[in-house]
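# Coordinates in review
So you can see what is in the structure, the chains are spelled out below.
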Amino acid sequence: MGHIGIRDLEVFAHHGVYPEETEKGQMFYVSADLYLDTWEAEHRDDLESSVNYGTVCEYIKEVMTRQNYKLIERAAGEICEGLMINFPKLHKACVKLYKPEAPIPIPFGTVYVEACREWREVYIGIGSNMGDKEKNIQSAIDLLAQTEGIRVEKVSALIQTEPYGYTEQDDFLNGCLKLQTWLPPEELLKRTQEIEKLLHRERKIHWGPRTIDLDVLLYGEEVIHTEDLCVPHPDMINRRFVLEPLDEIGGWVWHPVEKKTIHQLKEVLNKKEAMSHD
């Protein structure tokens, strides 16, 4: 991973909460740290294999001057996400936005905010057992792909499986997705729930029938336990309908709690099931 740094880009703009700030304007300074694979650029000496920092500076100025924001946090976030979208070689971007003329009645040097975005590798379980199952799944994939900050990289084959838990329902079609996203885990969860709602999922019976089911299985190697989200998914190691499609698209991926790869976890489940049938 290489690093390109830009320091103290001067931009006159009109951001602020107070009317005099948006009317008169003031000087802002922007610094950016861009993280990408620079190996090819280091060996080929070819601009096409890197990111043109002059173009980056022009883009930052364009974002800073195209509209006024009350909060410099919002401006920094817009710059950061725009860089990630418009410069696809970037793996991570951090932007610091300085406001040395902020309306503070006490002597100070400067104030600044920092925004960072980084592509993270995420795996999602997807399933449906109501209506046109394949169409439901494809619609969910399309909606994920249309979400800013999400790239759908791989889609497993779909497998038909018997219902898990509550068995008085139709068979499921299940699969897994590999995503790249800069959305934080909680925001990714919100987006999956929004998509479930758009596709008319109703939560009436635990493990009951559903038009679409989206589960965050793995978020990098993070271990998350909150009221709303547990990652890695707590029961994924016992579910063939998760491990089989997940092994297809990410068998080498490491489970940060079990300390095994997905392929190893599938083999463990195979042995358990074989022993239970003996």
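Preceding block: the structure.
Fair warning: this is a prediction, and the values are worked out from it, not measured in the lab.

Attention now moves to the state of the cysteines. Per the stated rule, a full pass over the model turns up one disulfide. Paired by a disulfide, Cys94 and Cys116 hold their sulfur atoms 2.3 Å apart. Every disulfide takes its handedness from the sign of the S-S torsion; for Cys94 and Cys116 that torsion is 115°, giving right-handed. Pair noted here: Cys94 is in strand S3 (residues 90–98) and Cys116 is in strand S4 (residues 112–118), with a separation of 22 residues, a long-range link.

Looking now at the packing of aromatic side chains. Across all of its chains, the model carries three aromatic pairs by this definition. Taken together, a centroid distance of 6.3 Å and an interplanar angle of 80° make the contact between Tyr59 and Phe87 edge-to-face. With Tyr59 in helix H3 (residues 53–66) and Phe87 in the loop between helix H4 (72–86) and S3, this pair connects stretches of sequence that are 28 residues apart. For the pair Tyr59 and Phe87, a shared accessibility class is recorded, and that class is buried. An angle of 50° between the planes, with centres 5.0 Å apart, marks the rings of Trp119 and Trp182 as tilted. With Trp119 in the loop between S4 and strand S5 (120–128) and Trp182 in the loop between strand S8 (172–181) and helix H6 (185–198), this pair connects stretches of sequence that are 63 residues apart. Accessibility expressed as a relative area gives 7% for Trp119, which makes it buried. Looking at Lys92, its charged tip hangs above the ring of Tyr35, at a distance of 5.4 Å from the centre.

Before going further, it helps to examine H4. The terminal C-alpha atoms of H4 lie 21 Å apart, and with 15 residues this matches the ideal 21 Å at 1.5 Å per residue to within 8%. Listed as buried for H4 are Ile72, Ala75, Ala76, Gly77, Ile79, Cys80, Glu81, Gly82, Leu83 and Met84. On its buried side, H4 packs onto strand S2 (26–36), H3, S3, S4 and strand S6 (150–155).

Rules used in this analysis
- Residues numbered from 1 in each chain as written.
- Predicted model: local features only at pLDDT ≥ 70, side-chain atom pairs only at ≥ 80, totals over all residues.
- Heavy atoms only, no water.
- Disulfide = S-S within 2.5 Å.
- Helix = DSSP H or I, 4+ residues; strand = E, 2+ residues; numbered from the N terminus.
- Phe/Tyr/Trp six-rings, centres within 6.5 Å; stacked < 30°, edge-to-face > 60°.
- Buried < 20%, exposed > 50% of the residue type's maximum accessible area, 1.4 Å probe, protein only.
- Lys NZ or Arg CZ within 6 Å of the ring centre and 35° of its normal.
- Expected span 1.5 Å × (residues − 1).
- Contact = heavy atoms within 4.5 Å.

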